[in-house]
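Here is what each chain is made of, one letter per residue.
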Amino acid sequence: MTPAPGTAGTEVGRRAARAVFAVFVLNGFLFATWVSRLPAVRDALGLDPAQLGLLLLVGSVGSLLALPLTGAVVQRLGTARTVLAAAGVAVAGFAVVALGLQAGSVPLLGAGLFVAQAGIGAWDVAMNLEGGAVEHAVGRAIMPRFHAGFSVGTVAGAGVGALAALAGVPVPVHLVGGLVVALATVAVSVRAFLPAVPVPSAPGRRGGLAAALSGWREGRTVLIGLLVLAAALTEGAANDWLALAVVDGFHTRDAMGALAFGVFVAAMTLMRFAGELLLERFGRVAVLRLCTGLALVGLVVFVASPWLPLALAGAAVWGLGAALGFPVGMSAASDDPLRAAARVSVVSSIGYTAFLVGPPLLGLLADVVGYRPALLAIAVPLVLSLLLAPVARPPARPGHDDAGAPASTRPSA
């Protein structure tokens, strides 16, 4: 499915942009609603770190199985119905998680988490596809704004989770409340998505699953996936290890570790809101190189600094650098609406693999060298990202600039 003609620059496109932003916020909110209560889940079920890690791995497998298949679903149902259906699957899965918690059943909880994360993964692909379509419709590079919405949603979900924990709200009750809010709001939001028309298959191409998986044979698509993998690992490593690295590295309290992570997330969110202007003025390749350089500098400062304030400054610069690789990669995968579904599925699958594989490997390395030195391993994919930045340049089209938006939208000097 692709946006109907005549939507560019109209109120329809602006309404769709607001709807996509809301859906990104809700995706982050639902994810954080679950993650924010993991300590309570661990304590309620008496799980040790290995058991909790295995449980989370089950959920990650659900996402990784759903991601490459979602392109075929979108081609059949369109983005709006796919987002709504995927949100329904996620909500149903988390409802089973709540039942598992209530019954004290780890297998039931694991099954629910597998389904929930599969829904979250499919939801992620479909909302990124709609975000790419809206970019084309409004003629502006606004994908970073949508990903800023995801960051806002995670902060809001984590905040509500912290309040629920302080108030002693049982996890099943908290989860069910979040599920009702998320599903109801998604159902309203997708009604404002772009009107869609069927996308014809390219000549000589099969439809369905074969077409959805064909992106794996495209060199540019796989390389964009590697760009996104580097960005996902840069962000995911901070999510999992930055707070611990501060607490252990500087022998400080847990609250300071939480503050360091908050500095990282705040910097990343601010850069995502600024990304639209940067992309329109300088183009994708320059912005990717700038962000990768910032991530490298911030990472090195964070790891090498003997002083906590300087390390916090490094975390802020690291957050600025981690902000735009993922949304720019999604925009690059969506350059051709005829192939966007297959390509975004591929790029999402490669990128999210970093969230599954990267943090455990860094944890093994941290056992040997410590948390802060282990984070230097992220420099390897960052250097690769510097080299691969040119693959994100949009195909040459008359009247379009390097950001992928019509040249008339680029601000003058």
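Since the model is a prediction, treat every value here as computed from it, not as a measurement.

Student: I keep staring at the overall build of the chain and nothing clicks. Help me out?
Tutor: Of regular secondary structure, the chain possesses 17 helices and two strands. In the chain, which comprises 413 residues, the share counted as buried stands at 52%. Taking as baseline every contact in the chain between residues at least 6 positions apart, the subset at least 24 positions apart corresponds to 82%. Carbon and sulfur atoms make up 71% of the accessible area of the chain, which amounts to about 16800 Å² in all.

Student: For this particular structure, what's the right way to read the pattern of salt bridges?
Tutor: Inspection of the entire model under this criterion finds five salt bridges. In this structure, the salt-bridge partner of Arg-272 is Glu-235, at a minimum N-O distance of 3.3 Å. Taken together, the positions of Arg-272 in helix α11 (residues 254-282) and Glu-235 in helix α10 (residues 219-250) put the pair 37 residues apart, joining distant regions of the chain. Here Arg-272 matches Glu-235 in class, with each residue buried. A single network of salt bridges, built from pairs that share partners, joins Arg-140, Arg-145, Glu-276 and Glu-280.

Student: I would appreciate a short explanation of the side chain of Thr-269 in the present structure.
Tutor: Take Thr-269: it is sitting in helix α11. A relative accessible area of 12% places Thr-269 in the buried class. Excluding anything up to four places from it in sequence, Thr-269 contacts Ala-148, Ser-151 and Val-152.

Student: Could you clarify how one ought to interpret the environment of Val-74 in this entry?
Tutor: Residue placement: Val-74 occurs in helix α4 (residues 70-77). Taking the C-alpha atoms as reference points, Val-74 and Val-125, 51 residues apart in sequence, are found 9.0 Å from one another.

Student: Teacher, can you tell me more about the environment of Gly-71 here?
Tutor: Along the polypeptide, Gly-71 turns up in helix α4. On a C-alpha basis, the gap between Gly-71 and Ala-126 in space is 7.8 Å, while along the polypeptide they are 55 residues apart.

Student: Would you take a moment to explain the packing of aromatic side chains for this structure?
Tutor: How two aromatic rings sit relative to each other is set out by the distance from centre to centre and by the angle between their planes. Applying the stated criterion across every chain yields a total of four aromatic pairs. Judged by centre distance (5.5 Å) and plane angle (75 degrees), the rings of Phe-264 and Trp-318 are edge-to-face. Taken as a pair, Phe-264 in helix α11 and Trp-318 in helix α13 (residues 308-321) lie far apart in primary sequence, 54 residues in all. The two residues Phe-264 and Trp-318 agree in class, both being buried.

Student: Please clarify how the nonpolar core should be interpreted in this entry.
Tutor: Across soluble globular proteins, nonpolar side chains have a tendency to be buried as a group. Grouped together as the largest cluster of nonpolar side chains are 108 residues, with contacts concentrated most on Trp-123, Phe-302 and Leu-375. With 14 residues, the top contributor of residues to this core is helix α6 (residues 106-138). Those residues within four positions of Leu-375 in sequence are excluded, and the remaining contacts are Ala-237, Trp-241, Ala-245, Leu-299, Phe-302, Val-303, Trp-318 and Leu-362.

Student: For this particular structure, what's the right way to read α10?
Tutor: The periodicity of an α-helix, 3.6 residues per turn, causes residues three or four places apart in sequence to face the same way. With 32 residues, α10 should cover 46 Å at 1.5 Å per step; its first-to-last C-alpha distance of 44 Å lies within 8% of that length. At Trp-241, α10 shows its maximal bend, which comes to roughly 50 degrees. Remark: His-251 follows α10 within two positions and exhibits a positive phi of approximately 50 degrees.

Calculation notes
Residues numbered from 1 in each chain as written. Predicted model: local features only at pLDDT ≥ 70, side-chain atom pairs only at ≥ 80, totals over all residues. Heavy atoms only, no water. Helix = DSSP H or I, 4+ residues; strand = E, 2+ residues; numbered from the N terminus. Buried < 20%, exposed > 50% of the residue type's maximum accessible area, 1.4 Å probe, protein only. Contact = heavy atoms within 4.5 Å. Areas by Shrake-Rupley, 256 points an atom, 1.4 Å probe, with all protein chains shown as cover. Salt bridge = Lys/Arg side-chain N within 4 Å of Asp/Glu carboxyl O. Phe/Tyr/Trp six-rings, centres within 6.5 Å; stacked < 30°, edge-to-face > 60°. Core = buried A, V, L, I, M, F, W, Y, C linked by side-chain atoms within 4.5 Å. Expected span 1.5 Å × (residues − 1). Bend = angle between axes of the 7 residues up to and from the residue.

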